[in-house]
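Chain by chain, the residues run as shown.
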Amino acid sequence: MVTGAPATMRERREELTPMLAQYVDVAEEYDDCVVLFRVGDFYKAFCEAADEVARVCELTRIEREDSTGTYTACGVPVDNAPKYLRRLLDADYRVAVADQVEDAEQASGLVDRAVTQVLTPGTVVEEELLDEGTNTYVACVAREAEGTETDDTDDYGVAYVDVSTGECAVTAGDAAAVDEELARVAPAELLVGPAVPDGVVDGADCMVTERDPDAFAPDAAREVLARYAAADRFAPAERVAAGALLRYAEYTQGDDGTLEYVRRVRRYDPRRSLRLDATALRGLELFENHADSGRTLFDTLDETRSALGRRRLRAWLRRPLVDRERIDARHDAVAAFAERTLVREDVRDALSAAYDLERLVGRISRGRATARDLRSLHDTLAAVPAVREALDGVDALAEVRAALDPLDDLRELIDEAVVADPPQELTEGGVIRAGYDAELDEIRTTAREGREWVANLEASERDRTGIDNLEVGYNQVHGYYIEVTNGQLEKVPDDYTRRQTLKNSERFYTPELKRREDEILGAEERADALEYELFVGLRDEVAAECDRIGALADAVARVDALAALATVAVERDYTRPEMGADGVHLERSRHPVVEETAAEFVPNDAALPRGTVALITGPNMSGKSTYMRQVALCVVLAQAGSFVPADAARLPVVDRVFTRVGASDDIAGGESTFMREMRELTDVLHDATPDSLVLLDEVGRGTATTDGRAIARAAVEFLHDESGATTLFATHYHGLTDLADEYEHVVNRHFAATERDGAVTFLHRIREGAASSSYGVEVAELAGVPESVVARAHDLVAADRDGDTGDDGGDSLVADDAQRTLDDLTTNGHAADATPPTPDAGEGGVADLLADLRDLHLAETTPLEALNTLHDLQRRAAEAAGEVPEEERR
Ligand SMILES: Nc1ncnc2c1ncn2[C@@H]1O[C@H](COP(=O)(O)OP(=O)(O)OP(=O)(O)O)[C@@H](O)[C@H]1O
């Protein structure tokens, strides 16, 4: 067994040495963990566990032999432990660290050891093991008891805690809400109550930890929760989830009782934020990019300067607001920062000095903060006045400014007590400043005077004895000594006592030197001990203020996140959205992430009155997905408090963004792509409201064309008639576009492309009406599909076109479409914009042009040819008018 006690040791339990027996005891108690057992400067694992630790950590195994036989052992060096712990956690192990809990020198017999910490992926608190500016959550899903379905809507409790910062929250909901919350929280570890059926937590992509079912018993859970919050405030399922979770958090921190820095257990209602389920989070690439190397929306926005701000910005994006007033307040604050470059820069400079207050408070409360941590707290507090000063007089930021309490008392206290650059170790002195404690000063004076006396001793003894090369020294083993070379030994006075004989000299001490030595060493030892005691006292004093530090951390986080949003707004030319509009109205909007990487991003408008279903057609690669996402991202950004990438924006407050957009084809749960697509569509159709924004990308493509087209059509009809949600629906089923004639709120939009000499150019520009052609084969060619295949595909398309009667609702390339494209182009500000040519204009004048147009046999023209011809005509029209052709204008 790798976790728990190695089987080979258990079998020979009676024969083991006392230390190994102690190891087996601990390992049996922590049987789901790899136990690392402190022996000297190493954390050791034995037998099978040693083999695994050696493998995962790439450490050497050693064969050990004692009276009971041979066994393997592997040691993780204590000094370098975090690096190896990380590897074990990454390999999905829980690790129990058993430390020596009594001083080895004072122990009679075997040193007592106990588990001081259980490290699990969701509960690590070590700075070295955590990513900066993120949260690491452990979550818990529980039910009050099996089958209690008193109220279906709050049947399950979902709680989560970040053990490093103390953030803890809980909510309740049905199975779908559990799924959604787990996707948003993205815990690193999950506890599942015994009454939760399999399947409810299937979506969680993290380590699932088994806990004793007793921990989920309502009374036990209530008792734990009551240590943190008024337990009656919570619904029964919430109590069970939060109580069991906090109990687990305590256990992983060494069972030292209540975690003081978990200052509150926030109860929240997911409906009070813009709902984004797992599919939406993934589809919109808020935090994860499908191409691993790619950027996410969060990366694009992250102009924060502190870990606190970074975490806050993440949280804002994870839960955008739905409360109009709060959204406006955030926009006001961002605007205030955006308008004041100097204020913004001063604040951001000051915040660069801010340490992660939330994690510092956690460490301080857990009694794990070092002197350096307290200095970090001091330095952060010292940065606050500059932030306050910068914000002075800015109305929209007055509230957050008021919350920026610089905690002068704490800062002064730390400054008086702790030296500016303290050592990492707390037990070796050098931490507490002179003048902080009278007793410490006195002890230090004694030690210093003693050392001065010793320092003068050499000169005075040389005088007294006449031994001019006499030296005074010190070594760890023998202490202070007076060294006399062999040639001078006869001059040694009577009060010298021999301490050590070397090859060429002898070392002595005198009674006074011995007395002074005892005094110095005693004083140093006492000073170290007293310093430690004073430090712990100070740390406790600071820990008692964790509420105030927490409130400051909150304000700093907000200021940083707001300033970051303002920086993005100014540097990337975002605009403040006007909220409360009836539908989505964007002028020249851009995709916030794609515009950062695209050589030249083409902005597009969106005019989607509430309840519009916009069918978007266009060739592959023409920009449909990008466009749909950019509309949704503008909505998400606006509700998160950000400005949006557009020239002008009027936006509604949306309750939920649904997506069924590409890229979710990775089949995690063993479902077929089509099954998954339908499941996602079901969610949309069930839950979308008139306040929702729905993005559907090629729904139905996962099955036979006829079925797919039927499903797509039915979905559009349902969204239009029943849901009333504002919808963007990208499709290759061109036949769907006639829905616009039948349904009041269905509109057609398309992305056009130009094709010349067989090469397709995408314009990435959205236009009214439906598209003419898919250019699928051309795109295949662009992608490098072998020439022969492309040629054959062209033939097949042509054959299909020839045989097409055009009456199937038409995904084929029908001539009618070509006509439509012609219309589109002339009514969409291109040909129509051109100054009407004068009849006598230039060579190949308008009369010729009109004749050519008239002679065009549309019924025999492929859409590509039509587009080509049109392009040609347009060019000639422009030339005739003495203008630059449209193509070159772009
Ligand atoms: N407005 C734009 N300006 C510049 N480049 C764009 C724009 N829109 C999309 N692109 C680029 O064009 C490419 C194709 O875009 P997108 O994936 O949105 O096309 P699509 O029409 O959805 O394709 P498909 O139908 O194959 O899914 C992407 O590389 C994208 O970066």
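Residues numbered from 1 in each chain as written. Predicted model: local features only at pLDDT ≥ 70, side-chain atom pairs only at ≥ 80, totals over all residues. Heavy atoms only, no water.

### Comments concerning unusual backbone geometry
No. 1: Even without a glycine there, the phi angle at Cys-47 is positive, about 50°.
No. 2: Checked against the element boundaries, Cys-47 lands in helix α3 (residues 47–57).
No. 3: Of note in the backbone geometry, Glu-58 takes a positive phi value of approximately 55° without being a glycine.
No. 4: Residue classification places Glu-58 among the exposed positions, given a relative accessible area of 65%. (Helix = DSSP H or I, 4+ residues; strand = E, 2+ residues; numbered from the N terminus. Buried < 20%, exposed > 50% of the residue type's maximum accessible area, 1.4 Å probe, protein only.)

### What about the UniProt feature "binding site: ATP" (unreviewed entry) in the protein chain?
No. 1: Summarizing the sequence annotation, UniProt attributes the feature "binding site: ATP" (unreviewed entry) to Gly-618, Pro-619, Asn-620, Met-621, Ser-622, Gly-623, Lys-624 and Ser-625 in the numbering used throughout.
No. 2: Examined against the element boundaries, Ser-622 turns out to sit in the loop between β21 (613–617) and α21 (624–640).
No. 3: For Ser-622, a relative accessible area of 0% gives the class buried.
No. 4: When neighbours within four sequence positions are excluded, Ser-622 is seen to be in contact with Phe-751, Phe-762 and His-764.
No. 5: Reaching out from Ser-622, the side chain makes a polar contact with the backbone oxygen of Pro-619 at a distance of 2.6 Å.
No. 6: Of note, Ser-625 is situated in helix α21.
No. 7: For Ser-625, a relative accessible area of 25% gives the class partly exposed. (UniProt positions renumbered as here; feature names shortened; annotations may be inferred. Contact = heavy atoms within 4.5 Å. Polar contact = N/O pair within 3.5 Å; in protein donor to acceptor, adjacent residues only side chain to side chain.)

### Looking at the pattern of salt bridges
No. 1: The tally for this structure, following the rule as stated, stands at 60 salt bridges.
No. 2: The partner of Asp-356 in a salt bridge is Arg-359, with the nearest N and O atoms 3.9 Å apart.
No. 3: On the basis of relative accessible area, Asp-356 is assigned to the buried category, the value being 9%.
No. 4: Between Arg-516 and Glu-512 there is a salt bridge, and its shortest N-O distance comes to 3.1 Å. With Arg-516 and Glu-512 both in helix α18 (residues 511–543) and 4 residues apart, the pair spans about one turn of that helix.
No. 5: By relative accessible area, Arg-516 is classed as buried at 16%.
No. 6: Beyond isolated ion pairs, a larger network of salt bridges with shared partners links Glu-180, Glu-181, Arg-184, Arg-275, Asp-277, Arg-319, Arg-656 and Asp-687. (Salt bridge = Lys/Arg side-chain N within 4 Å of Asp/Glu carboxyl O.)

### Quick notes on the nonpolar core
No. 1: Membership of the largest hydrophobic core comes to 189 residues, with the highest contact counts inside it found for Leu-36, Phe-46, Val-265, Phe-337, Leu-391 and Val-657.
No. 2: For this core, the leading source of residues is helix α19 (residues 546–571), giving 15 residues.
No. 3: Every residue in contact with Leu-36, bar those within four places of it in the chain, is listed here: Tyr-43, Lys-44, Ala-45, Val-53, Val-76, Leu-85, Leu-88, Val-95, Ala-96, Val-97 and Ala-98.
No. 4: If you look at the next biggest cluster of nonpolar residues, it comprises 21 residues, including Leu-615, Leu-681, Ala-712 and Tyr-733. (Core = buried A, V, L, I, M, F, W, Y, C linked by side-chain atoms within 4.5 Å.)

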